[in-house]
Amino acid sequence: MKRFLSYTVPILLSALACSDIALDPFWSEYELPEGPALGLRDIDYDGNTGFAAGVGGQAWFCHHGQWSEDWTPVHSGFDVEFTGVDVSDGGDIWVCGADSDENGHLYTYTYDLLQDWDEHELDGAAFLADVAVGGFGMITVGSEGQVWRRWIDWELVWNDSDYLWRAVDLHASGEVLVVGGRISTGNGAFLRFHYSDGGYTLYETAGGRLEDCALTDSNTGWAVDADGYIYRYDSGTMQMVADTGLLLRGLAVEPDRNDALWLCGPGGALVHYADGELEYHDSPTGENLHDLVLVNSDEGWAAAQTLLLEYR
């Protein structure tokens, strides 16, 4: 028997080394502590800090890859649905959403010994869908075409009830890209401006409502619409570069690259786009995916309805 094993082990090791066993990262289910969630809506990760939030004011905090549940400031009558999350470089977490009357709410969560929540008063805020934080400041956007900017105090800098904004990104240069749709036409729309000087320019696309966006530098980036069209953003233009044939909701650009991104959507849809090529990936869930974030090129997270997906 010993002699048999002495021959078999090298053969097995050689076979494994030459096999087609996939060692690339893949998506797998990750059960939340005290889950399942009522309905996740957004997720973000920066440095060693992650945050996911959604329906019922539920929120989960992640530190060095370990998720733990942290409830929002639950009190009598608290009915806010969280829809947007952004983790700042300094570790503060900004969360926006709306109550059942579609009044907008914006919070900061500071993870320290006190684990404090602070609400920011935005008088007259409509449903807030997304928030972006950067070196220049903070932007939050939503229904009624509202765009709020923090400049000493929060101020409403753009609004038009014919527009519904779904996402915003704020680049380190101060450039802001807001995407969504025009209600009367059903077309996609986007707004660009510089954080410090305004100069708001509004554009409309020929496709459907834009669902998510990401800036890769001050003038270029990506966007995706609800019908699964991928757009390359360049200095005020949106050029459709791919049709995935799927319904999509979220996108994330791979770190250290500007030509590769992951996209997600209803039914667990997961699509990778790089160098003009589409790859459709098996999903471990049939739940709707609302957003995803990449920690690095081979590590990331996606927010499903009741749980997370881990990419590793």
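See the structure shown above.
Here's a quick rundown of the structure.

What counts and how
Residues numbered from 1 in each chain as written. Predicted model: local features only at pLDDT ≥ 70, side-chain atom pairs only at ≥ 80, totals over all residues. Heavy atoms only, no water. Helix = DSSP H or I, 4+ residues; strand = E, 2+ residues; numbered from the N terminus. Buried < 20%, exposed > 50% of the residue type's maximum accessible area, 1.4 Å probe, protein only. Contact = heavy atoms within 4.5 Å. Areas by Shrake-Rupley, 256 points an atom, 1.4 Å probe, with all protein chains shown as cover. Pairing = 2+ DSSP bridges. Axes fitted to C-alpha atoms, helices over the stretch in contact; angles between N-to-C directions.

1. Some words on the overall build of the protein chain
Here is step 1: Of regular secondary structure, the protein chain possesses one helix and 28 strands.
Here is step 2: Scored against the burial criterion, the 312 residues of the protein chain give a buried share of 51%.
Here is step 3: By sequence separation, contacts in the protein chain at least 24 residues apart represent 41% of the contacts at least 6 residues apart.
Here is step 4: Only carbon and sulfur atoms are counted for the fraction: they give 48% of the accessible area of the protein chain, which is about 14400 Å².

2. A look at the sheet that holds strand E16 (residues 188–194)
Here is step 1: Strand order in the open sheet formed by four strands is E14-E15-E16-E17, with antiparallel pairing between adjacent strands. Unpaired on one side and paired on the other, strand E14 (163–170) and strand E17 (198–204) mark the two borders of the sheet. Here the average twist between neighbouring strands, direction ignored, is 20°.
Here is step 2: Here five bridges tie E16 to E17, and the two strands are oriented antiparallel to one another. Directly across from His 194, in E17, lies its bridge partner Gly 198.

3. Observations concerning the sheet that holds strand E5 (residues 66–69)
Here is step 1: Ordered by their spatial adjacency, four strands build an open sheet running E2-E3-E4-E5, and the pairing between neighbours is antiparallel. The strands lining the two open edges of the sheet, one partner per strand, are strand E2 (40–46) and E5. Across this sheet, the average inter-strand angle for adjacent strands is 20°, counted without regard to direction.
Here is step 2: Where strand E3 (residues 49–54) and strand E4 (residues 59–63) come together, five bridges link them in antiparallel fashion. Looking at the pairing, Gly 50 lines up with Cys 62 of E4.

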